[in-house]
Amino acid sequence: RKAGIIGNTRGRAIDGVHKDGSNLKLIINISISGDDQKNNPLFTALFQDVTEQIKAQQAEKKRQADMEQILAAQAEVLQKLNAPVIMANEAMIITQVNFSAQQTFGYTEDEMIGQNVTILMKPCDRKNHHNYVDNYRNTGIQKVIGLTRRLEGLRKDGSVISLILNMAKSKDANGTKYIAIFQDVSAVTADDDSTI
């Protein structure tokens with residue numbers, strides 16, 4: 001007797017048809033249950049309906065593919081913006097930057113992604129930022145998000161840069177993300193100082 005799929009404990013995926021005409025996805029396990037009076041083998045077939053499981057897997061694959069397309073489109077738009085833009089996750093870890101942000105802060109994309117946003121802040125401002133984030137998580141009170149704020153940032157070379165910050169927050173299937181859009185006003189600040 002050849003085994004084939006008989007006795008295969010993993011079963012075999014097959015297509016089935018319901019009485020109403022709908023298609024089914026099934027796992028079939030076949031085993032020999034004995035012999036009849038003429039010594040012909042008797043078989044037992046066990047079916048497992050995995051139709052909904054397969055549909056769920058296909059839906060998840062489509063969701064992931066759609067999300068990848070959206071993220072790719074966002075990344076393309078991000079790179080075309082003239083303003084420096086930095087995106088961070090809920091832990092304030094930088095996840096995306098555009099070319100303008102690299103030029104403004106003096107870091108490469110690889111140097112920025114995976115780092116905490118505090119690398120772009122003066123040492124004296126880092127503690128205040130941690131306190132703000134903790135307070136926001138505990139109370140939900142937003143002191144920066146949705147507002148325009150003037151502040152100072154820190155370039156890779158240690159020089160200070162004057163900035164205007166607009167912070168936004170969004171949420172998707174991958175979690176919360178923060179989008180910081182900057183305007184470099186160092187030149188304006190320098191002109192103001194020179195006229196004093």
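Just so we're clear, the structure is a prediction, and the values are computed from it rather than from any experiment.

Asks: Just give me the short version of the sheet that holds strand β8 (residues 175-184), but keep the residues and values in it.
Replies: Hydrogen bonds along the backbone pair up the strands of a sheet, which may run parallel or antiparallel. Here 5 strands make up an open sheet; going across it, the order is β5-β4-β8-β7-β6 and the pairing antiparallel. Strands with a single pairing partner mark the edges of an open sheet, and in this sheet they are β5 (94-97) and β6 (148-154). If you compare each strand with its neighbour and ignore which way they point, the axes differ by 35 degrees on average.

Asks: Please provide a residue-by-residue account of helix α4 (residues 123-139), values included.
Replies: The end-to-end C-alpha distance of α4 is 25 Å, a good match for the 24 Å that 17 residues give at a rise of 1.5 Å each. Residues of α4 that are buried: H129, Y132, V133 and Y136. An end-on view of α4 places all buried positions within 100 degrees of arc, on one side of the element. In α4, the exposed positions that point more than 90 degrees away from the buried face belong to P123, C124, K127 and N138.

Asks: Account for the environment of F105, naming residues and giving values.
Replies: Topologically, F105 is positioned in helix α2 (residues 99-105). The buried category is assigned to F105, whose relative accessible area is 1%. The sequence separation of F105 and S159 amounts to 54 residues, and the corresponding C-alpha distance is 9.3 Å. Residues within four places of F105 in sequence aside, it is in contact with I86, M112, L120, L154, R155, K156, L163 and F182.

Asks: Give me the lowdown on the sheet that holds strand β1 (residues 12-17), citing residues and values where you can.
Replies: Read from one edge of the open sheet, 3 strands run β1-β2-β3, paired in antiparallel fashion. The strands lining the two open edges of the sheet, one partner per strand, are β1 and β3 (41-49). The average angle at which neighbouring strand axes cross in this sheet is 45 degrees, direction not considered. Judged from the 6 bridges that link them, β1 and strand β2 (residues 23-35) form a sheet pairing that is antiparallel. If you follow V17 over to β2, its bridge partner there is N23.

Asks: Please give an account of the pairing of β2 that cites residues and values.
Replies: In this antiparallel pair of consecutive strands, β1 and β2, the connection spans 5 residues, and G21 shows a positive phi of 95 degrees. Note that β2 and β3 share 9 bridges and pair antiparallel. Looking at the pairing, G34 lines up with L42 of β3. Two successive antiparallel strands, β2 and β3, enclose a turn made up of 5 residues, where N39 displays a positive phi of approximately 65 degrees.

Cut-offs used in this document
- Residues numbered from 1 in each chain as written.
- Predicted model: local features only at pLDDT ≥ 70, side-chain atom pairs only at ≥ 80, totals over all residues.
- Heavy atoms only, no water.
- Pairing = 2+ DSSP bridges.
- Helix = DSSP H or I, 4+ residues; strand = E, 2+ residues; numbered from the N terminus.
- Axes fitted to C-alpha atoms, helices over the stretch in contact; angles between N-to-C directions.
- Expected span 1.5 Å × (residues − 1).
- Buried < 20%, exposed > 50% of the residue type's maximum accessible area, 1.4 Å probe, protein only.
- Arc of directions from axis to C-beta.
- Contact = heavy atoms within 4.5 Å.

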